[in-house]
Every structure is written in C-alpha cells, then in structure tokens.
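Listed below are the residues making up each chain.
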Amino acid sequence: MSKADELAAKLKQKQQTRADAEACADMAIEHWPTQVYDMYHRLEAWLEPLTKAGLNIRRVPTRVFESLPSGETFNYAIDKLLIEGNHTSITLDPIARFIIGGTGRVDILSNGKELYLLRTETDHGEAQWQIQTIPRSGQPRPDPVELNEDNFLGVIQEGLEL
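What comes next concerns the included structure. (Residues numbered from 1 in each chain as written. Predicted model: local features only at pLDDT ≥ 70, side-chain atom pairs only at ≥ 80, totals over all residues. Heavy atoms only, no water.)

## Re the nonpolar core
The nonpolar side chains of a soluble globular protein tend to be buried, and buried together.
So, point 1. With 30 residues, the main nonpolar core has Ile-83, Leu-92, Leu-117 and Leu-147 as its most contacted residues.
So, point 2. Of all the elements in the fold, those that place two or more residues in this core are helix 1 (3-52), strand 1 (56-67), strand 2 (73-85), strand 3 (88-96), strand 4 (105-109), strand 5 (115-121), strand 6 (127-133) and helix 2 (149-159).
So, point 3. Top element by residues in this core is helix 1. It accounts for eight residues.
So, point 4. Residue contacts for Leu-147: discarding those within four places in its chain leaves Met-39, Arg-42, Leu-43, Trp-46, Leu-117, Trp-129, Gln-130, Ile-131 and Phe-152. (Core = buried A, V, L, I, M, F, W, Y, C linked by side-chain atoms within 4.5 Å. Buried < 20%, exposed > 50% of the residue type's maximum accessible area, 1.4 Å probe, protein only. Helix = DSSP H or I, 4+ residues; strand = E, 2+ residues; numbered from the N terminus. Contact = heavy atoms within 4.5 Å.)

## As for helix 2
So, point 1. Those residues of helix 2 not exposed but buried are Phe-152, Val-155, Ile-156 and Gly-159. Buried residues of helix 2, viewed axially, fall in a sector of 95°; they line one side.
So, point 2. Two or three places before Asp-150, at the start of helix 2, stands the capping residue Asn-148, its side-chain oxygen 3.3 Å from that residue's backbone nitrogen.
So, point 3. Just past helix 2, the residue Glu-161 takes up positive phi, approximately 55°. (Arc of directions from axis to C-beta. Polar contact = N/O pair within 3.5 Å; in protein donor to acceptor, adjacent residues only side chain to side chain.)

## Some points on the pairing of strand 2
So, point 1. Sheet topology places strand 1 next to strand 2; twelve bridges connect them, and they run antiparallel. Bridge pairing in strand 2 links Arg-59 to Leu-81.
So, point 2. In textbook terms, the turn of a hairpin is the stretch between consecutive antiparallel strands, and for strand 1 and strand 2 this stretch comprises five residues, one of which, Gly-71, has a positive phi near 100°.
So, point 3. Note: strand 2 against strand 3, five bridges, orientation antiparallel. Looking at strand 3, one finds that Ile-83 is bridged to Ile-90. (Pairing = 2+ DSSP bridges.)

## What to know about the environment of Phe-152
So, point 1. Of note, Phe-152 is situated in helix 2.
So, point 2. Of the residues examined, Phe-152 reaches a relative accessible area of 1% and is grouped as buried.
So, point 3. Taking the C-alpha atoms as reference points, Phe-152 and Leu-47, separated by 105 residues in sequence, lie 9.4 Å from one another.
So, point 4. Aside from chain neighbours lying at most four places away, what touches Phe-152 is Leu-43, Trp-46, Leu-47, Ile-83, Ile-131 and Leu-147.

## Things to note about the sheet that holds strand 6
So, point 1. The strand order across the open sheet built from seven strands is 1-2-3-4-5-6-7, with neighbouring strands paired in antiparallel fashion. The open sheet has two free edges, formed respectively by strand 1 and strand 7 (145-146), since each of these has just one partner strand.
So, point 2. Lying on the sheet, helix 2 is in contact with strand 2, strand 3, strand 4, strand 5, strand 6 and strand 7; it crosses strand 3 at an angle near 125°. (Axes fitted to C-alpha atoms, helices over the stretch in contact; angles between N-to-C directions.)

What follows is the structure, given as structure tokens:
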C-alpha cells in the first residue's frame, strides 16, 4: 500500500468517525424534547392535587441554541414549564442537552434557591433526573437529590412560598 493509499484510508476513517459523531448528536437533540416532556408529564401528575386547588401549569414554547466545542450548532424548539400559584411562579427552562457531567439540564427559575434538574444515566444506562443546587460563591457543591414526588413538592413549596 502506498503512502497516499494509507493517508486516503486514514482520511476516510476520520470522516466516517466525524459523520458518526454528528449523527449521534443529531439523534440526541431529536430525542431531547421527548425526554423533557416525559419528565414534565410526571411532574404534572404529581401536581394534579394542587391544580385542582388553583395552581396553574402551562407549557410555553421557546427555542434553544446550543453549540458544541466541535463547532456544531443546534437550534431547536422545546417548551418551558410554567407553574403559577400564590402570586408567584416557577419556570422549568430546558437550557441544554449537551452539558458536562450529564445528558441534559433544565433550570428551575424561582425567587428561592438556584436549582436545576440534571439528567444523567446510571451505570446500567438508565436515565435518571436529579435536583441540583447551584452553590454560592466559595461554598461546596451540595449533593444532588433524586427527582421524586416528595423532593419536587419541596421545591414547589419553597418556590411558591406555600
């Protein structure tokens, strides 16, 4: 095999590797809204007793622009979840699918603590959501807590001052 043939084979391999990575990223973006909406559906079910008592929940369309270190960019539609009650509100804002340490992030915007939901995968490849607190400057990062009904209702209680 000539040197040119070796270089051509390497070039093809690198091009295929890049194409595979781009296809993987495209697939991740394609599935991200569904993953977020599945989580929203679970949260809405947990909040159903509160909606019967006057809590207002609605989805607000938005667009997200993400760029990867490779230079690849994504522009996609996804909904925020707006939770209103007690003359205040909490917004769940899905800000990024591609983040360090996880497979997606949804910020929790309210007047209380600075929180976000982090989507990760277990060692067995199962998806899980965790509630993370953004540490104050100079303070250690608190341990995440599992996104379950009790923990989420605690966020709602504090955020809506109930």
